[in-house]
Structures are given as C-alpha cells and as structure tokens.
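What the coordinates show
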Amino acid sequence: MSKKRILTGDRASGSLHLGHYVGSIINRLKLQEEYDCYFIIADYHAYTTLYEKPKEVRAASRSIFVDYLAVGLDPQKCTLFVQSMVPEHSELYLLFGMLVTIARAQRIPTLKDKLDDLHLEESLASLGLLGYPVLQAADILVYKADLVPVGDDQLSHLELTREIARRFNYLYGPTFPEPEALLSQVSRLPGLDGQKKMSKSLGNDIALMHSSEEVTERVRSMVTDPTKIRKSDPGHPEICTVHAFHRAFNPEGAEEIAAACRAGRLGCVEDKRNLGAFLNAFLDPIRTRRQELLTQPQRLAELLSYGCGKARRTAALTMAEVREKMQLGDHLFW
RNA sequence: AGGCCCGUAGCUCUAACGGUAGAGCGCCUGUCUCCAAAACAGGAUGUUGGGGGUUCGAAUCCCUCCGGGCCUGCCA
C-alpha cells in the first residue's frame, strides 16, 4: 500500500519502436514490479501538433495500447490508460493554467526545439503547444505521483511541475507531492542513419510492429563504419550503428562481435544478417502476443476500460480535493 | 466587426512586363562498396487551394468560395 507512485507514458504520435523499448519500456517492465505505475497514452499531447490528423492519433493510441500489452506491461500490476478518457486531466490543466505566467511557459527550452522541428515561428505556436508542460504537470499531479522517469531533456518540464505543486500547496493548502525525477541510465538508441536518435517522423526507426521482412530490410540499410571498405578491413564498432544495436539487444555477444569486426574477420553483411536474426528473435514473441490480442477485440476493450476506470477513480479523488480547496463545486456554493 | 497579407513538389522557396512550372533539401534507381555511408550519374513527384471570368495564352489580372495568418476593435 505504501508503494511509491510513478507516472510516465508516451505521446500518441506514432507506433512504438525499438528506441522506445530500450529507452523506457524495458525500464517500465521492472518498475511495474516495484511501484504503483500509471502508464499514460497521451493523446491530448499528440494533438498539440497533430490536431489536423485525428485518425492518425487514434491509430497511434490503439497501436501503443496493444504494444504495451504485447511487450508485457501487465494490467494486473500497473495502470494502462488513455489520457483523453480521463477528463480530470483537462480540468486540472485548466486550473493549473492560472498558476503559470506566459513568460514562464515560454522559458521552457524544449519549446524552442519543438518549434524548430515544426518549422514554426514562435508567433505561430498554438496556446495548446505553449501549455504542453502545464498539461504534463496535470498528468503527473492528478495522480499525485512521487516519481517520474525522465530523460535529462525532460527535466525542465518536471521542474515546472514541482513549481506548480509548490505554488498550489502554498495558495490552497498542502495537496500535492513535489514529484522527483527517477533518472535511469539512459541508453539511447540511434536511428538507422546513425546520426539522429530513432524517431518515427524521421523514418529511421524499427517499429515493434514491423514485419520480420521489414526489419531485415531496415537493418540492411543501417549506416556502418565508413572506413571499413573491404570485409577484411579493421572496423570500428564504437561508431557503427549495427553495433549499437548489438550492444542494446545482444549484450553477451557484443564483445566477441566487436573483436571479430576489429580484426577484419567479420563483414558487415554477415553482421547485419546476424543482427536482423537477433532482432527478429526478440520481436517474434511480441508479434505473436500482438496477433493473439488483436483476435480478441472484446478483451482489448475490457482491458482498456479497466485501466481507464482505475485511473479515473484515482484522478477523481484528487479533483474532489482540488475543487474543495479552490472553493469550486456546487456543494460549497451556498 | 474592420484593415492587411498569404495559399505552387513530401519540406523550404524561386518563376520581371501575362508567354513551355523550376531549384535546394528529402525521396527512388544505377555505378562504386562484403553492406551501408560518402562521391558520381540518372529519375520521379504538381488538378500552382476550389470554382468562374478576361485573354490567342493565367501560378501571375478580375470575381467568388474555402483554408491559414497578422493588426485594430468589441469596456469579456
């Protein structure tokens, strides 16, 4: 009962890929054993940029939910839910919006990066995009989460969450914990191009839902060590994308492979063939489980509604308290 | 509510006076590589937001509709 609570999740902007897996999913599989975990599929967040594409967002939400189950997040151990199905998020976001100045929101460093990605001038950013970190604060605090697994790029968002919690507690009385970062060892997987991090929008990803043929094809297109021209040339595994994947998915064999590559005994073609086989061996059980789940729409619907219901009950408790403290709601009116 | 600006390839944009729709990036193919990358060679992509009009001829001018944006106002 005294388990600490965690909130984390994914924007519903695309299917999960191997970068998500090594970056956070694998960590969540452990966290669900020790903590009271809430895993959010953040479709409202997806709408901050994909508001013109509702079907894409819904397809992504569905695909992420099924993948959560397929990789082994267990609805008996953790709470899996979709953000928009818990309307308390939006109500708390609205109220938190009063506690944050425009200047403060504009000072979040990730906003600038996001605008660059979108080729947007700051003057063209939507109010929703500016409010993104405030919505995140609502996501976290509506469950009174104690811990938030974050990469260092998200620390500034968590800092805002803590400020909001502190300010709310000061103004209306102690209500929220100040959530702390749970810094996990960040193993970041590069994309197929070896340059940028793996991302669906860059098209350099291997999705959990890719077929084995697609995986083989994508591995074949990976960038390797450009100085290894001939098979017998000594390679540099530390700068080779294929090897980065070996280290992530085949840690036991990685050293031996590196040695063979350096010695010029291992060619890239063979190396890629081996990696493809490894990845497919890893993905096959996930594929099997996904296929099984997809034949049981009724069960999927039940699991989704179970998770959302559970999340909503928790969120409703917080909102009742927030309304009370902020003198809102009909039972206080007269 | 008024005023102004914009809409062209997946993205960023160029196309004087109305005169064969283009470039860069990205993408695909080939050569080269054990692969991939790089380099080189080649290729594709468009109802120029929709409709109407003027004209021998409209991305360009006019009308209209749709979509987007900026400014001013509406004592919210």
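Structure's up top.
Residues numbered from 1 in each chain as written. Chains lettered and ligands numbered in written order. Predicted model: local features only at pLDDT ≥ 70, side-chain atom pairs only at ≥ 80, totals over all residues. Heavy atoms only, no water.

This part covers the overall build of chain A. The number of helices and strands found in chain A is 14 helices and 5 strands. In terms of overall size, chain A behaves like a compact globule, its C-alpha atoms giving a radius of gyration of 22 Å where 334 residues would be expected to give roughly 20 Å. Across its three principal directions, the C-alpha atoms of chain A cover 85 × 45 × 40 Å. When the 334 residues of chain A are sorted by exposure, 48% land in the buried category. In chain A, the proportion of contacts linking residues at least 24 apart, taken out of those at least 6 apart, comes to 76%. Surface summary for chain A: the accessible area is close to 17,400 Å², and the carbon and sulfur share equals 55%. Of the charged side chains in chain A, 42 are positive and 43 negative; the average position of the first set lies 1 Å away from that of the second. (Helix = DSSP H or I, 4+ residues; strand = E, 2+ residues; numbered from the N terminus. Rg over C-alpha atoms; globule rule 2.2 N^0.38 Å. Buried < 20%, exposed > 50% of the residue type's maximum accessible area, 1.4 Å probe, protein only. Contact = heavy atoms within 4.5 Å. Areas by Shrake-Rupley, 256 points an atom, 1.4 Å probe, with all protein chains shown as cover. Lys, Arg positive; Asp, Glu negative; His and termini not counted. Charge placed at Lys NZ, Arg CZ, Asp CG, Glu CD.)

This part is about the nonpolar core. If you look at the biggest cluster of nonpolar residues, it comprises 48 residues, and the most contacted ones within it are Leu18, Tyr68, Ile206, Phe245 and Leu279. The element best represented in this core is helix 3 (residues 54-71), accounting for 9 residues. If we ignore the near neighbours within four places in the chain, the residues touching Ile206 are His17, Leu18, Leu192, Met198, Val215, Arg218, Val219, Met222, Phe245 and Leu279. Of all hydrophobic cores here, the second largest spans 39 residues; its members include Leu92, Ile108, Leu129 and Ala145. (Core = buried A, V, L, I, M, F, W, Y, C linked by side-chain atoms within 4.5 Å.)

This next bit is on the packing of aromatic side chains. Two descriptors summarise a pair of aromatic rings, namely the distance from one centre to the other and the angle between the planes of the rings. Scanning all chains against the criterion turns up 10 aromatic pairs. Judged by centre distance (5.8 Å) and plane angle (75 degrees), the rings of Phe96 and Phe176 are edge-to-face. You can see Phe96 sitting in helix 4 (residues 88-96) and its partner Phe176 sitting in the loop between helix 9 (155-172) and strand 5 (180-182), a full 80 residues away along the chain. Just as Phe96 is buried, Phe176 falls in that class too. The structure contains a cluster of three or more aromatic residues connected by ring pairs, namely Phe96, Phe168, Tyr172 and Phe176. (Phe/Tyr/Trp six-rings, centres within 6.5 Å; stacked < 30°, edge-to-face > 60°.)

Here the focus is helix 11 (residues 241-249). Of all 9 residues in helix 11, 7 are buried, a share of seventy percent or more. Along helix 11, the positions that sit buried rather than exposed are Thr241, Val242, His243, Ala244, Phe245, His246 and Phe249. Buried residues along helix 11 sit in contact with helix 1 (18-34), helix 12 (251-262) and helix 13 (268-294).

Another point: the protein's contact with RNA strand B. The local shell around RNA strand B holds 18 residues, among which Met222, Thr224, Ile229, Cys268 and Lys272 are the closest. Of all atoms in RNA strand B that approach within 4 Å of the protein, 57% are sugar or phosphate atoms. The separation between a base nitrogen of RNA strand B and a polar side-chain atom of Thr224 is 2.8 Å. At a separation of 2.5 Å, a base oxygen of RNA strand B approaches a polar side-chain atom of Lys272. Per-element tally for the surface near RNA strand B: the top contributor is helix 13, with 3 residues. Residue composition of the surface near RNA strand B, grouped by class: 7 nonpolar, 5 polar and 6 charged. (Near = heavy atom within 4 Å. Polar contact = N/O pair within 3.5 Å; in protein donor to acceptor, adjacent residues only side chain to side chain. Nonpolar A, V, L, I, M, F, W, Y, C, P; charged D, E, K, R; others polar.)

Further remarks concern the side chain of His89. When you line up the elements, His89 lands in helix 4. What makes His89 buried here is its relative accessible area of 0%. In terms of polar contacts, His89 uses its side chain to reach the side chain of Tyr143, at 2.8 Å. Residue contacts for His89: discarding those within four places in its chain leaves Ile40, Phe81, Gln83, Leu135, Ala138, Asp139, Val142 and Tyr143.

At their nearest, the axes of helix 8 (residues 132-141) and helix 9 sit 9 Å apart, and the two run at 65 degrees to each other. Classified by the interaxial angle, the pair formed by helix 8 and helix 9 is roughly perpendicular. For the element pair helix 8 and helix 9, the recorded crossing hand is right-handed. Contacts between helix 8 and helix 9 involve Tyr132, Pro133, Val134, Gln136, Ala137, Ile140 and Leu141 on the former and, on the latter, His157, Leu158, Leu160, Thr161, Ile164 and Ala165. Considered class by class, the residues forming the contact of helix 8 with helix 9 number 10 nonpolar, 3 polar and no charged. (Axes fitted to C-alpha atoms, helices over the stretch in contact; angles between N-to-C directions. Parallel < 35°, antiparallel > 145°, perpendicular 65-115°, else oblique. Left-handed = near helix turned anticlockwise from the far one by under 90°.)

Our focus in this paragraph is the pattern of salt bridges. On inspection of all chains with the given rule, the structure shows 16 salt bridges. As a salt-bridge pair, Arg166 and Glu178 come within 3.2 Å of each other at their nearest N and O atoms. With Arg166 in helix 9 and Glu178 in the loop between helix 9 and strand 5, the pair connects residues that are 12 residues apart, well separated along the chain. On the basis of relative accessibility, which here comes to 39%, the residue Arg166 falls in the partly exposed class. For Glu217, the salt bridge is made with Arg220, and the minimal N-O distance between the two is 3.0 Å. Placement of both Glu217 and Arg220 in helix 10 (residues 212-220) is noted, with a separation of 3 residues, approximately one turn of the helix. In this structure Glu217 comes out as partly exposed when scored by relative accessible area, which is 42%. (Salt bridge = Lys/Arg side-chain N within 4 Å of Asp/Glu carboxyl O.)

With 6 of 7 residues buried, strand 2 (residues 36-42) lies mostly within the body of the structure. The pairing of strand 1 (residues 5-11) with strand 2 spans 7 bridges and is classified as parallel. Residue pairing for strand 2: Gly9 is matched across the bridge by Ile40. In this view, the connection linking strand 1 to its parallel neighbour strand 2 by way of helix 1 has right-handed handedness. (Pairing = 2+ DSSP bridges. Right-handed = clockwise from strand over helix to strand, strands pointing away.)

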